[in-house]
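Each chain, written out:
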Amino acid sequence: MNNIKNTDISADKRIEILTLKYNAIMFNMGKEQGEGGKIVLTTAYNALKWGYGQGKWNLVGIEDLWAEALKEGGVLFNRPHEKRWGTTTAEETLDLIGQTTVGPWQLTTTNIKNVYGIPYGVKQNWTVRQTVEYLIANPEIQAKMIADYIQNSYTKYGKRSPYGIQNYFWLEAYVKREIGQGKWSDSVLCKIPTGKTWKDLTPEDKANTGYYAKQLLLGNNHENHGLMFWLWVTGDIDGIKDVFRVWRGQKVMVWDPEKNDAVLTEKQGDYRIKSEDILYCDCHPEFKQKMVMLVEESNITDK
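Figured I'd write up the structure that's included with this text. This structure is a prediction, so every number in the text was calculated from the model and none was measured.

**Description of the packing of helix 6 (residues 109-116) against helix 8 (residues 139-157)**
For the pair helix 6 and helix 8, interaxial distance at closest approach is 12 Å and the crossing angle is 80°. Looking at the two axes, helix 6 sits roughly perpendicular to helix 8. Taking contact as the criterion, the partners of Asn 111, Ile 112 and Tyr 116 in helix 6 are, on helix 8, Met 145, Asp 148, Tyr 149 and Asn 152. Taken together, the residues that form the contact of helix 6 with helix 8 break down as four nonpolar, two polar and one charged.

**A short note on the environment of Thr 127**
Its place among the elements puts Thr 127 in the loop between helix 6 and helix 7 (128-137). For the pair Thr 127 and Lys 113, spaced 14 residues apart in the sequence, the C-alpha separation amounts to 9.0 Å.

**Brief notes about helix 6**
Each full turn of the α-helix corresponds to 3.6 residues, which orients residues three or four apart in the same direction. Within the span of helix 6, buried status applies to Thr 109, Ile 112, Lys 113 and Tyr 116. Take helix 6 and look down its axis: the buried residues cluster within an arc of 145°, on one side only. The elements touched by buried residues of helix 6 are strand 2 (101-102), strand 3 (107-108), helix 7 and helix 8.

**Section: the sheet that holds strand 2**
Reading across the sheet, the three strands line up as 1-2-3 and stay open at both edges, with antiparallel pairing between neighbours. For this open sheet the edge positions go to strand 1 (87-88) and strand 3, each flanked by a neighbour on one side alone. Here strand 1 pairs with strand 2 via two bridges, running antiparallel. Its bridge partner being in strand 2, Thr 87 is matched across the sheet by Val 102.

**Notes on the pattern of salt bridges**
Tallying each qualifying case throughout the model produces 14 salt bridges. Glu 16 is the partner of Lys 13 in a salt bridge, and the nearest nitrogen-oxygen pair spans 3.5 Å. Residue Lys 13 and its partner Glu 16 are located together in helix 1 (residues 11-28), separated by three residues, close to a single helical turn. For Lys 13, a relative accessible area of 30% corresponds to the partly exposed category. Classification of Glu 16 by relative accessible area gives partly exposed; the value is 43%. Here Lys 176 ties to Glu 172 by a salt bridge, and the two come within 2.6 Å at their closest N and O atoms. Each of Lys 21, Glu 63, Asp 64, Arg 160 and Asp 236 takes part in one network of salt bridges that share partners.

So, how was this worked out
Residues numbered from 1 in each chain as written. Predicted model: local features only at pLDDT ≥ 70, side-chain atom pairs only at ≥ 80, totals over all residues. Heavy atoms only, no water. Axes fitted to C-alpha atoms, helices over the stretch in contact; angles between N-to-C directions. Helix = DSSP H or I, 4+ residues; strand = E, 2+ residues; numbered from the N terminus. Parallel < 35°, antiparallel > 145°, perpendicular 65-115°, else oblique. Contact = heavy atoms within 4.5 Å. Nonpolar A, V, L, I, M, F, W, Y, C, P; charged D, E, K, R; others polar. Buried < 20%, exposed > 50% of the residue type's maximum accessible area, 1.4 Å probe, protein only. Arc of directions from axis to C-beta. Pairing = 2+ DSSP bridges. Salt bridge = Lys/Arg side-chain N within 4 Å of Asp/Glu carboxyl O.

Right, here's the structure in full:
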């Protein structure tokens, strides 16, 4: 099934493949994700099943939604329903600019009210409380909004590309080199001193942080199962090879203030994944071995 492109198959076939991948992830889910993890994964599955039936989200797989949920809100999985699907404050998330987020995918209340919630019944004149109460009662809408967000990111910046993934976190600041300039595996957040808030963070604090996109892809100290692991779990070796190819060939993007967006240049970027980047997931040595083999193959061929 891995050689079939989403655009070439029927909705029924896409849903059939989705179901196989859902079952594979469910079977390989860690005990630490618990019953809450199963709820989040099933919510993502039901949303994608609906969307695929509507001809939506040809660039988005269940691996994308699951990897994002693990990194963004894995700690919420086994909280009570209202907390799993409710708000998280900037003080709780250590957000760099003080945003309030919702649910395991941590979409901001601003984005929900102004953009992503509107197609699913959110009203712009609602208060934050009204919006959040609606989303707590309708978790599947949260998964649909995230699928829209990822689809838009991949469409603009490339499927599973460095910038396409980084856009989920904070693309503008990364392109301007204001965040993500430290060691890639370091925390993407800043530890805020006692008695201080995000407003007290210096530009140096923010710049000397880890690289979100690479951590989402390959894992990190807090969640060692990245997107590549879940592609391996679902048997999507072609998907893994595509990621290596895209990252190897990525051109540099710069910020265009007139367009208020990142724009592509002709300068070759330094995004190639190296074998020494395969740091995490010691619990699955066969995965690490496969990854090292594939990344070494990808760096000596353009096929």
